[in-house]
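# What the coordinates show
Listed below, chain by chain, are the residues.
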Amino acid sequence: ATPYADTIRPALQVLGKGDQVSVISGVYVMLFKGRRFYFGDCTVNANPDAQTLAQIARNTAAVARQFGDTPRVAMLSYSDFGESRGFPAVDKVAKAVAILQELDPELEVDGEMQADTAVNPTRAENDFPFSKIAGRANVLIFPDLGSGNIAYKLLRELGGATAVGPVLIGLSHPVNALALGSTVDDIVNMAAITVNQVIARGRGTK
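What comes next is a walk through the structure. (Residues numbered from 1 in each chain as written. Predicted model: local features only at pLDDT ≥ 70, side-chain atom pairs only at ≥ 80, totals over all residues. Heavy atoms only, no water.)

As a further point, take the sheet that holds strand 6 (residues 162-169). If you trace the six strands from one edge of the open sheet to the other, you get 4-3-5-2-1-6, paired in mixed fashion. Since the sheet does not close on itself, it has two edges, and those belong to strand 4 (108-113) and strand 6, each with one partner. On average, each strand axis in the sheet is inclined to that of its neighbour by 25°, with strand direction left out of account. Pairing of strand 3 (residues 72-76) with strand 4 involves five bridges; the strand directions are parallel. If you follow Val73 over to strand 4, its bridge partner there is Val109. Contacts from helix 7 (residues 145-159) reach strand 1 (25-32), strand 2 (35-40) and strand 6, with the element oriented near 25° to strand 1. (Pairing = 2+ DSSP bridges. Helix = DSSP H or I, 4+ residues; strand = E, 2+ residues; numbered from the N terminus. Axes fitted to C-alpha atoms, helices over the stretch in contact; angles between N-to-C directions. Contact = heavy atoms within 4.5 Å.)

Before going further, it helps to spend a moment on the packing of aromatic side chains. Where two aromatic rings form a pair, the distance of their centres and the angle of their planes describe that pair. For the coordinates displayed, the defined rule picks out six aromatic pairs. With a centroid separation of 3.9 Å and 15° between ring planes, the pair formed by Tyr28 and Tyr152 is classed as stacked. Of this pair, Tyr28 sits in strand 1 while Tyr152 sits in helix 7, placing them 124 residues apart in sequence. Consider the rings of Phe81 and Phe130, whose centres lie 5.0 Å apart with planes at 75°: the pair is edge-to-face. Of this pair, Phe81 sits in the loop between strand 3 and helix 4 (88-103) while Phe130 sits in the loop between helix 6 (121-127) and strand 5 (139-141); the two residues are 49 residues apart in sequence, bridging distant segments of the chain. Overall, the relative accessible area of 55% leaves Phe130 in the exposed class. (Phe/Tyr/Trp six-rings, centres within 6.5 Å; stacked < 30°, edge-to-face > 60°. Buried < 20%, exposed > 50% of the residue type's maximum accessible area, 1.4 Å probe, protein only.)

What follows concerns the nonpolar core. Counting residues in each nonpolar core, the largest one holds 28 residues, and the members touching the most others are Val73, Met75, Ile141 and Val167. Among the secondary structure elements, those contributing two or more residues to this core are strand 1, helix 3 (50-66), strand 3, helix 4, strand 5, strand 6 and helix 8 (184-202). Looking at this core, the element that brings in the most residues is helix 3, giving eight residues. Aside from chain neighbours lying at most four places away, what touches Ile141 is Gly40, Leu53, Ile56, Ala57, Thr60, Val73, Ala74, Met75 and Leu76. In this structure, Met30, Phe32, Ala124 and Tyr152 belong to the second largest nonpolar core, which totals 19 residues. (Core = buried A, V, L, I, M, F, W, Y, C linked by side-chain atoms within 4.5 Å.)

Now for the side chain of Ser131. Within the element layout of this structure, Ser131 appears in the loop between helix 6 and strand 5. In terms of polar contacts, Ser131 uses its side chain to reach the side chain of Asp110, at 2.7 Å. Within the structure, the side chain of Ser131 is placed 3.0 Å from the backbone nitrogen of Ala134, a separation counted as a polar contact. Residues in contact with Ser131, not counting those within four places in the same chain, are Phe81, Asp110 and Met113. (Polar contact = N/O pair within 3.5 Å; in protein donor to acceptor, adjacent residues only side chain to side chain.)

Fair warning: the whole summary comes from geometry, so function is off the table for now.
Okay, structure coming up:
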């Protein structure tokens, strides 16, 4: 199997990055219990710094919008809202939140927060009522590729979620890749997504 970062390199060399995009990233659309989540980045960037993480969040939010959803972005960590500050992995996520809020003030984003805080309304309401995102997040940004990749595969294999992707974001024209072992349904889904991206691009939507 070829790593995605290597697979997309020819497309990047030929097409280049999109306008105002500094990072290529991948998004998995997770369909689970009647809800739709967007996981990033599970595909390309192994250990992103804070700046890269902020761009990954913007990329992933763009995919949510393409599917007609209003993105509510949770920047994930093993820490909730500063309880473990001083650790580099936690500080990186907190810095990414600050960068993202400056880059895109209208985007709903919060963190750093744990995964259950992001998606469990009861926990969020009881422990973190100050956060508008906690418990309601639909865009989940992982601190590194390893955690994102593990999370989407566990949810798919043990939770029964449907994983659609990876949807690649950041190239100047729509290009997507198929995962190893893709089924016919996977191929059809990715073809449909790519066509929709082309249509949206023609309408001036990025």
